[in-house]
Structures are given as C-alpha cells and as structure tokens.
Amino acid sequence: MPRRRLLLLVVPGLTLCLAAFFFFFQNRGEAPRELKDISVPPETASAAGEDETRTVVLYFLSDQDGLLHPEQRTIPAGPAVEWEARRLIEELIKGSRTGLISPLPPESELRQVFMIRGGTAVVDFSKEFADRHPSGSTAEMTTIYCLVNSLTRNFSAIKQVFFLVNGNERETLNGHISLAKPFLPLRSLIAE
Amino acid sequence: MAKRTRFLTVLLLAGLILSPLPGQQTVTVRVQVRDYADFTRLTLESSSRLDTRLTRTGGILEIHVDSPDSLRLRTAPVSSRLIRSVAWGRSDGRHVLSVVLRSSDFTYNAFTASRPFQLMVDFKEGEAAAPPPVRKEGAAPKSAAQPAVRPPSGVRTIVIDPGHGGIEPGAKGRFGTLEKDVTLPIALKLKAVIEKNLSFRVVMTRDKDMAVSLESRAALANNNDAMLFISIHANGSYKQSSHGSETFFLSLNASDEDVRRLAYFENTQAELEGHIAAQEEEQDVLRMILWDMAQSAYIRQSSRLAELIQAELNALLGTANRGIKQAPFKVLAEVACPAVLVEAAFLSNPDEERRLLNEEFQNNVALAIYQGLVNYIRLYPPEGGR
Ligand SMILES: [Zn+2]
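Described in the following lines is the structure provided in the data block. (Residues numbered from 1 in each chain as written. Chains lettered and ligands numbered in written order. Predicted model: local features only at pLDDT ≥ 70, side-chain atom pairs only at ≥ 80, totals over all residues. Heavy atoms only, no water.)

### Focus: the pattern of salt bridges
All names here are of chain B.
Argument step 1. Under the criterion given, the structure shown has 28 salt bridges over all chains.
Argument step 2. The salt bridge partner of Arg-217 is Asp-161, with a shortest N-O separation of 2.7 Å. Of the two residues, Arg-217 is situated in helix α3 (residues 214-223) and Asp-161 in strand β10 (residues 157-162); the sequence distance between them amounts to 56 residues. We note that Arg-217, like Asp-161, is buried.
Argument step 3. With a closest N to O distance of 3.3 Å, Lys-189 and Glu-359 form a salt bridge. A residue pair is termed long-range when its members are at least 10 positions apart, and Lys-189 in helix α2 (residues 179-197) and Glu-359 in helix α10 (residues 359-379) qualify at 170 residues. (Salt bridge = Lys/Arg side-chain N within 4 Å of Asp/Glu carboxyl O. Helix = DSSP H or I, 4+ residues; strand = E, 2+ residues; numbered from the N terminus. Buried < 20%, exposed > 50% of the residue type's maximum accessible area, 1.4 Å probe, protein only.)

### Let's talk about the coordination of the zinc ion
Argument step 1. The protein atoms that coordinate the zinc ion are His-176 of chain A (NE2), His-164 of chain B (NE2), Glu-179 of chain B (OE), Glu-179 of chain B (OE) and His-233 of chain B (ND1), at distances of 1.9 to 2.8 Å. Remark: His-233 of chain B occurs in strand β12 (residues 228-235) and His-164 of chain B occurs in the loop between β10 and α2; sequence separation between them is 69 residues. Residues His-164 of chain B and His-233 of chain B agree in their burial class; the two are buried. (Donors = N, O, S within 2.8 Å, 3.2 Å for Na, K, Ca; no water.)

### Let's talk about the sheet that holds strand β2 (residues 40-46) of chain B
Residues and elements named next belong to chain B.
Argument step 1. Here five strands make up an open sheet; going across it, the order is β5-β1-β2-β9-β8 and the pairing mixed. The open sheet has two free edges, formed respectively by β5 (70-75) and β8 (106-113), since each of these has just one partner strand. The mean angle between the axes of side-by-side strands here comes to 15°, regardless of whether they run parallel or antiparallel.
Argument step 2. Both β8 and strand β9 (residues 117-125) contribute to a ladder of eight bridges, which runs antiparallel. Within β9, the residue paired with Thr-112 across the bridge is Leu-119.
Argument step 3. Against the sheet, helix α7 (residues 299-317) contacts β2, β8 and β9, and its axis sits at roughly 165° relative to β9. (Pairing = 2+ DSSP bridges. Axes fitted to C-alpha atoms, helices over the stretch in contact; angles between N-to-C directions. Contact = heavy atoms within 4.5 Å.)

### Considerations on the environment of Ser-178 of chain A
Argument step 1. Mapped onto the fold, Ser-178 of chain A is located in the segment after β5 (160-165).
Argument step 2. Separated by 38 residues in the primary sequence, Ser-178 of chain A and Glu-140 of chain A have C-alpha atoms spaced 9.7 Å apart.
Argument step 3. Not counting residues up to four positions away in its chain, the partners in contact with Ser-178 of chain A are Glu-171, Thr-172 and Phe-183 of chain A together with Pro-328 and Lys-330 of chain B.
Argument step 4. Polar contacts involving the side chain of Ser-178 of chain A include one to the main-chain amide nitrogen of Ala-180 of chain A, which spans 3.1 Å. (Polar contact = N/O pair within 3.5 Å; in protein donor to acceptor, adjacent residues only side chain to side chain.)

### Some details on α3 of chain B
Residues and elements named next belong to chain B.
Argument step 1. Buried within α3 we find Leu-214, Arg-217, Ala-218, Ala-221 and Asn-222. Buried residues of α3 fall within an arc of 135° about the axis and therefore sit on the same side.
Argument step 2. Looking one or two places after α3, you find Asp-225, whose phi comes out positive at around 50°. (Arc of directions from axis to C-beta.)

### Topic: the side chain of Arg-156 of chain B
Residues and elements named next belong to chain B.
Argument step 1. Tracing the backbone shows Arg-156 in the loop between β9 and β10.
Argument step 2. Residue Arg-156 is classed as buried on the basis of its relative accessible area, which comes to 7%.
Argument step 3. Only 2.9 Å separates the side chain of Arg-156 from the backbone oxygen of Asp-225, close enough to count as a polar contact.

### Quick notes on the packing of aromatic side chains
All names here are of chain A.
Argument step 1. Taken as a whole and assessed by the stated rule, the structure comprises nine aromatic pairs over all chains.
Argument step 2. With a centroid separation of 3.9 Å and an interplanar angle of 15°, the aromatic rings of Phe-125 and Phe-129 are classed as stacked.
Argument step 3. When its relative accessible area of 0% is taken as the criterion, Phe-125 is described as buried.
Argument step 4. Classification of Phe-129 as buried rests on a relative accessible area of 1%.
Argument step 5. The interplanar angle of 25° and the centroid separation of 6.1 Å between the aromatic rings of Phe-129 and Phe-163 together place this pair among those described as stacked. With Phe-129 in helix α3 (residues 128-131) and Phe-163 in strand β5, this pair connects stretches of sequence that are 34 residues apart. (Phe/Tyr/Trp six-rings, centres within 6.5 Å; stacked < 30°, edge-to-face > 60°.)

Here you go:
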C-alpha cells in the first residue's frame, strides 16, 4: 500500500521532469533548465525606438469564407522579436479595422512572450484567453492559427508557437484542441 | 461567371441529349489526392458503382474504370509528396486514370466504400516489391494494418464518447443549447443501434451529465482493449454562418522531436522491455510517454474510419460536407485504437442548433455513424485480421 502511494507521487514527478527534458532539450545532452529561469526581455522600448515603426500583417477571420485574411498594421519597432511580437498580439486582441473577426476573447491579456530554443515563441495569456473562449473545435483552431500564422508570417525567428495560460501549461484551449505541443503554421487556413 | 453559364448550358444540353436513352445516365467521377502524415491517398468518387482494376508498371499505377454509364471526369489539382500527376485517358474503350508517382519505389493498398462509391488508394514510399510484410517477433507496429494488440477471443468493445459534460459545457448555441446536452442523446442512440444490430460490447465514457477528464476517456478505451473509439461533438465557430458536418482524426502536429521519440521507441522495443523489467518506476514513466503518442500507430485506420463515417453523414444528413480533417485533439491523442471525432453540425449556427435539438436529426447522425462503422468493420473484421 505505502509503496503504491509513493509510486503515485514519484511517477507524475518523474514524468514531468522527463517531459520537460524532451520538450526543451531533445537529445542534445544539455542540462535541463526550468521554465522560470528563462529571462524575459525588457518590456520597454529603447529610447531610440520611439519613432521607428514597422509594418506587419495580421490575420483575422472572414465571415465570408471562414478563412484568415491579412490586414496591415504599423507597430513601433522594438529592440527584440519578443517586444514586437507582443505589440502584434495586442493588435490582434484589439481587433480588425476592416470588419474581419478577431478570434480572441477581448478580455484576454497577454502576460508575456519569450523565445526558447528551436525558434519556439512561448506566448503566455491570462486565464480569460481560455476561460472566455466560446469553445468548439473550429473556433479553437481559428484562434490558435490566427496567432500562429500571424507570428510566423512576420518574424522569421519564430518557427512555432507554444501557449501558456496564466503561466501554466494547459491541456486544451477550451475542451478540444491540445495545447501540449508547439504549433507550426498552417497555411490551409489562410485565404490568399 | 461566363464559364459558369457555359457549364450550365453544357449540362442542360447533355441532359437533353442523354435523357431519351434508357439506362444511360451521366455520372460524375471525382479524383483527389491528399497527403497524410505517413502516406498519400488518392480518392476516386462517383455517385454510382464503378468496376475498377489496378495495374502497375514501374512508377505508374493505372486505374481502369468500367461503367455502363457515361462518365464525366473531374480531377482536382494535384500537389503531393508522392504523386507527380494524374491524368485520364482511354484504352480498349475504358477510361484509364494514370497515376504517375515521383518515384517507382512505392507500395500501394486499395479499397472501396459504397454510398457514394469510393475507391481509395493509399501510397507509401519505399518498401518496393517487398512481399507482404511478415510479422517478426518484436517488430514495431509500424506496418499497423492490423492492430498491434491481439484480439482476445470473444466480444470486442466499441467506446462511444459523448463530448464534454458536467461543469464543462463545450460550445454554446445562440438559443442557449449546450454542446454537452446534444452529444449525449446522439451517443445513446448510437449505442442502442449498435447493440441492436451488432455483437459488440458498447462502453460509454459517460451516460449522464457528468464531467469526465479527457485522459480518463482515452484510458477507458485502452483499459477495455477497445476496437474503436468514437467521440461525438457539435461544432462551434466564430463565424455564425459556418455550417455542416465533418469528421476528424488526429494530427500529430509532429515536431521533429516527436518523430524522433517515436522512432526511438519503435526501433528499440526489445531494449524498452529490458528497461521495463529493470525498474518499476521507470516502467510507468516510459509507458506514459508511449501512451501520449498511442494514437500515432493508428492514424491510417482512423483516417479510413473517418472517411467511411463522413460518407454516410453526407448521405443521410443533408448538411454541407466539410470533409475529413486532421487536428490535434487531446481526447484522441492517447487512444490506442482507431479513433475519430465526429462534429455533427454547428451549434453556433442558429439553423443547425435547431436541427441538433431535433430527435430525428439526432437519430440520423447516430445511424450515419453506425453505417460508417459497419462499412469499416467489413474492411477490418475484428477477428483474424482482414
Ligand atoms: Zn466538443
């Protein structure tokens, strides 16, 4: 009995460590670091960046064909990809200016964006991102790929996107699509 | 638009010319090619039965098509990993579809389904001219045409999974219908029709309004050595006019690391067993890692099950056909048998919300899934392989 109980504690612990190891370091033999240790880039733009801007393409959902359509925005140019990615996601939350649909709950707040190895951008939303999501397979796919396609389209350093909710890994966005692995861009959802 | 008018005129003329001929009608034959994770599928679809015969010469597979009807041939543009081109021609008064592969190093596997008639040909790279795979001791279930687990004698189990439940409502309709409240009656109707007509045991992941974790839904299938897993859902979209039915199977969204992980475990089965014997704790960890990729060995069968169910949904429901799709569904990932997720219709669409509440519509969804299952079981009988 006590042996079983010990197993119940040890097994999930070991699984987590191993999963983290596989996720971040594959088989390259580096020492595992915890997620917390990864430095978050500064949130303020450099003073020089004040009037420099950059044009980006955002993807929003069209009510006509159910596909993601591009819309241009000018964002302040920033010191690092994380900083600009943050501005881009904030624009996605604010919504379209041409009548397209933003498939993000408007209450969503972006907590942080940071890069980890392998060109993976980790995007950490407040819990409203998932809890206020309307649920449904198609809606969840649209939300995820609006973000993934927008980020990978504008930042060559971003190859794939991994989502956190309130700083933690989450099983699904809201009942359907698994958030356990990073997402590569999916062009079939884009109208072009 | 001009093209459309011309097309309609041609249709009309064809109809006028052909209508007096008894027994001869014009049948449209559609061909499309789609790439999946580890194979490429060519589907030839027609509203009436066709006689087909396949011959292979080097890197070309010819599909000879025979029909009493006159055929209108349609081919979707091909862009595929394995198939370079497809083209229609004629030989001995028969229509012949020439499928040109990028390499002559390929294997294929053909099967048909009815209503609508479909010939599906799955192509795989390599293994050319190899004799039918011999199942070696300790061989990985990569050639997973047959389930890796030996079916025990006796009754096999089908697991039906009504989506959501309890505090987890799923998608919501405009009139307040909750997804969890339409998935359950459809699932119960499906259970009833299977139990009435087939000798399978049906296990439900829930049979009332209660919360069940996604992990335990998959575990229930695995613990019961299920033969098939069918998850039933109603869709939700940000676009209110989205409508129609679709059937999903798992996409691995495989990053390189996953592929490597999987390859590792497939190639070192014996090694793995050594580890398992060695350390109890490690055994459980390794098993869990395998479980989270469990579905990957069944993707191909799952896609067939999805195709067969989707064909019946189209025939029975009169909803728009959104086809079969792949997506990384959590509930499918850990299931160690062929598994699909059916989105009956859109709860976010007011018209379809009404239909989803209608008992007859629910019955038809259950019947369509049942018919797809029957067709699948004909292709893959549970005992003795095929
Ligand atoms: Zn659902």
